Protein chains: 2
Amino acid sequence: MESGRRFADTKSHPWVAVDVVIYTLEQRKLQTLLVQVKEGAFAGRWAFPGGLMGAEESVDEAAEREVLERTGVKDGYIEQLYTFGKPERDPATRAVSVSYLVLVPYPSVRLNPAPKYSDIRWFSAHRLPHSKLQYTNIVYSLLPREFTLGELQEVYETILNRPLDRRNFRKKILALGLLTQLKKKRRGTHRPASLYAFNEKRPMVIEML
Amino acid sequence: MESGRRFADTKSHPWVAVDVVIYTLEQRKLQTLLVQVKEGAFAGRWAFPGGLMGAEESVDEAAEREVLERTGVKDGYIEQLYTFGKPERDPATRAVSVSYLVLVPYPSVRLNPAPKYSDIRWFSAHRLPHSKLQYTNIVYSLLPREFTLGELQEVYETILNRPLDRRNFRKKILALGLLTQLKKKRRGTHRPASLYAFNEKRPMVIEML
DNA sequence: CCAAAAGTGTTGGTCTTACACCCATGC
DNA sequence: GCATGGGTGTAAGACCAACACTTTTGG
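Residues numbered from 1 in each chain as written. Chains lettered and ligands numbered in written order. Predicted model: local features only at pLDDT ≥ 70, side-chain atom pairs only at ≥ 80, totals over all residues. Heavy atoms only, no water.

Comments concerning the protein's contact with DNA strand D
Near DNA strand D, the surroundings consist of 19 residues, among which Arg166 and Arg170 of chain A together with Asn168, Thr189 and Arg191 of chain B are the closest. Within 4 Å of the protein, the atoms of DNA strand D are drawn from sugar and phosphate moieties in a proportion of 38%. Measuring from a base oxygen of DNA strand D, one finds a side-chain N or O atom of Arg166 of chain A at 2.4 Å. Measuring from a base nitrogen of DNA strand D, one finds a side-chain N or O atom of Lys171 of chain B at 3.5 Å. Looking at the surface near DNA strand D, the elements with two or more residues in it are α4 (166-175) and β10 (193-198) of chain A together with α4 (166-175) of chain B. Classifying every residue of the surface near DNA strand D by side-chain character gives three nonpolar, six polar and ten charged. (Near = heavy atom within 4 Å. Polar contact = N/O pair within 3.5 Å; in protein donor to acceptor, adjacent residues only side chain to side chain. Helix = DSSP H or I, 4+ residues; strand = E, 2+ residues; numbered from the N terminus. Nonpolar A, V, L, I, M, F, W, Y, C, P; charged D, E, K, R; others polar.)

Structure follows, in structure tokens:
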């Protein structure tokens, strides 16, 4: 039953790849980014963007690079999810894949397919693994820097997929002290709304809703 | 800015290793398992047990194998934590390491160092990343199959590092419906206590305490 | 009969939810 | 002046935390 060395001898020198699952919100719709593979056995298939880790970067950096290349976004929220590594039939092509969850604000995105992809598009997503979102403030990464409480509430309603009471929402979110009310107002079609900004764009574990 | 292919050419074919952080409870003390490295640049150092992934196993299986080899335990709780992958100075030795959190019941453990280790021992741990434990029932993996409510409460008190009210604890834990009261009693030094068992040994996300 | 752990309910405070009306602006 | 989203408080119920005495056994 001893191994380490035994398995080292039976060599396991896989490729290491990253896959990024990028979400955004557009028009109250949750969307996720897929790319269409151009060549190989999976030509024509839609898949999550991804690529091999470079020799001089960390796994996390490879994921950030992939996000930057596909969307142009540098400061989205990024979080490692899970590492998959099943053996393939052909050990020569064996790969271990590290997946990431990414949230980006829609207005910052400029989509950009790599040469290896024939297309890149947003697809509507039905929900996201929201156990995380309920306990953190990472929704800031789905919003522009300044936003109204109405917009923030919309984001939560979309993610949680249920309506929230406006008065309760405002009470709770303001009580957390994560927001600063700005002097400005958003002048739109109707009564102007106060603009707010997050005090800190740093993930914090706080039960929000 | 395009890569994928570029980085594939600059080759990245690291070793893939797993590291397991194994916790147990002995005498109300939280302990974690370390091994002493026998050879190489780190000879004499204590480290988490780990090893290279084999050519014919998944990453998860490699972690399970490592736990089985070091402790003899097959059915502990095991959960992937994080994948680390910083580039090294020497690209030839580059490794990506997938870490796992493991919980095992102390009485089932038979420690067994691999040839590559000169020693294997429990060290006292001050706390474990307990955000997880508070929301799940995975403590079952720290207990024998049958246990008293007092013993279960002890486990939670150790993990949370604070005393709990006996009446409130019993109310809450029984209300969750995860436990079955067995017919048997534990006859000890004093008044016999009812034995309980978990209905399902399957991780569930439930806020327990 | 004494020591030690097992077993059991109630109360006050806090937190959460539900709910309706007026306000400021654009058109 | 009307349509639209912005802004505000209170009351009822659910949930949580604190607390003490009786029971059963072994020695």
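So, the protein's contact with DNA strand C
Taken together, 19 residues form the shell around DNA strand C, and within it Asn168, Thr189 and Arg191 of chain A together with Arg166 and Arg170 of chain B come nearest. Looking at DNA strand C alone, sugar and phosphate atoms form 42% of those within 4 Å of the protein. Note that a base nitrogen of DNA strand C is positioned 3.2 Å from one of the side-chain N or O atoms of Arg167 of chain A. Arg170 of chain B places a polar side-chain atom, nitrogen or oxygen, 2.7 Å from a phosphate oxygen of DNA strand C. Mapped by element, the contributors of at least two residues to the surface near DNA strand C are α4 of chain A together with α4 and β10 (193-198) of chain B. Of all the elements, α4 of chain B adds the most residues to the surface near DNA strand C, at four residues. Residues that form the surface near DNA strand C fall into these classes: three nonpolar, six polar and ten charged.

Things to note about helix α2 (residues 59-71) of chain B
Residue and element names in this part refer to chain B. Taking 1.5 Å of rise per residue, 13 residues should cover 18 Å, and α2 covers 19 Å from first to last C-alpha, within 8% of that figure. Buried within α2 we find Val59, Ala62, Ala63, Arg65, Glu66, Val67, Glu69, Arg70 and Thr71. A positive phi of about 75 degrees marks Gly72, the residue just after α2. (Expected span 1.5 Å × (residues − 1). Buried < 20%, exposed > 50% of the residue type's maximum accessible area, 1.4 Å probe, protein only.)

Let's talk about the packing of helix α3 (residues 149-160) of chain B against α4 of chain B
Residues and elements named next belong to chain B. In contact at an axis separation of 11 Å, α3 and α4 are set at 100 degrees when each is read in the N-to-C sense. Considering their axes alone, α3 and α4 lie roughly perpendicular with respect to each other. Here Leu149, Leu152, Gln153 and Tyr156 of α3 come into contact with α4, specifically with Arg166, Phe169, Arg170, Ile173 and Leu174. Residue classes in the contact of α3 with α4 are distributed as six nonpolar, one polar and two charged. (Axes fitted to C-alpha atoms, helices over the stretch in contact; angles between N-to-C directions. Parallel < 35°, antiparallel > 145°, perpendicular 65-115°, else oblique. Contact = heavy atoms within 4.5 Å.)

What to know about the sheet that holds strand β8 (residues 147-148) of chain A
Residues and elements named next belong to chain A. Pairing in this open sheet of three strands is antiparallel, and the strands run β8-β10-β9 from one edge to the other. The outermost strands of the open sheet, each flanked by one partner alone, are β8 and β9 (179-186). Bridge count for β8 against β10 is two bridges, and the pairing is antiparallel. Note on β10: the bridge partner recorded for Phe147 is Tyr196. (Pairing = 2+ DSSP bridges.)

Notes on the pairing of strand β1 (residues 15-26) of chain A
Residues and elements named next belong to chain A. With nine of its twelve residues buried, β1 lies for the most part within the structure. Pairing of β1 with strand β6 (residues 95-103), which is carried by nine bridges, proceeds in the parallel orientation. When the bridges of β6 are listed, Val16 appears paired with Val96. Sheet topology places β1 next to strand β4 (residues 50-52); three bridges connect them, and they run antiparallel.

What about α3 of chain B?
Residue and element names in this part refer to chain B. Between its terminal C-alpha atoms α3 stretches 16 Å, which fits the 16 Å expected from twelve residues at 1.5 Å a residue. The buried count for α3 comes to nine of twelve residues, which makes it a mostly enclosed element. Residues of α3 that are buried make contact with β1 (15-26), β2 (29-37), β8 (147-148), α4, β9 (179-186) and β10. At the C-terminal side of α3, Asn161 shows a positive phi close to 60 degrees.

Structural notes on the sheet that holds β9 of chain B
All names here are of chain B. Pairing within the open sheet is antiparallel, and its three strands lie in the order β8-β10-β9. Edge positions in the sheet fall to β8 and β9, since each has one partner strand and no second. For β9 and β10, the ladder comprises five bridges, and the chain directions are antiparallel. Bridging across to β10, Leu179 finds its partner in Phe198.

A short note on the domain arrangement of chain A
Residues and elements named next belong to chain A. Looking at chain A, the domain boundaries give domain 1 (5-124) and domain 2 (133-198). Between the C-alpha centres of domain 1 and domain 2 the distance comes to 30 Å. Listed per partner, the contact involves ten residues of domain 1 and ten residues of domain 2. Interface area, domain 1 with domain 2, both sides summed: about 930 Å², of which 69% is carbon and sulfur. Summed over the three residues of domain 1 that lose the most area to domain 2, namely Leu25, Arg28 and Leu103, the buried surface amounts to 59% of that side. Inspection of the region where domain 1 meets domain 2 yields two salt bridges. Among the ionic pairs, Glu154 bridges to Arg28, the shortest N-O distance being 4.0 Å. Scanning the region where domain 1 abuts domain 2 turns up one residue pair in polar contact (both at pLDDT 80 or more). (Domains from an automatic or database assignment. Buried area = accessible area lost by both parts, 1.4 Å probe. Salt bridge = Lys/Arg side-chain N within 4 Å of Asp/Glu carboxyl O.)

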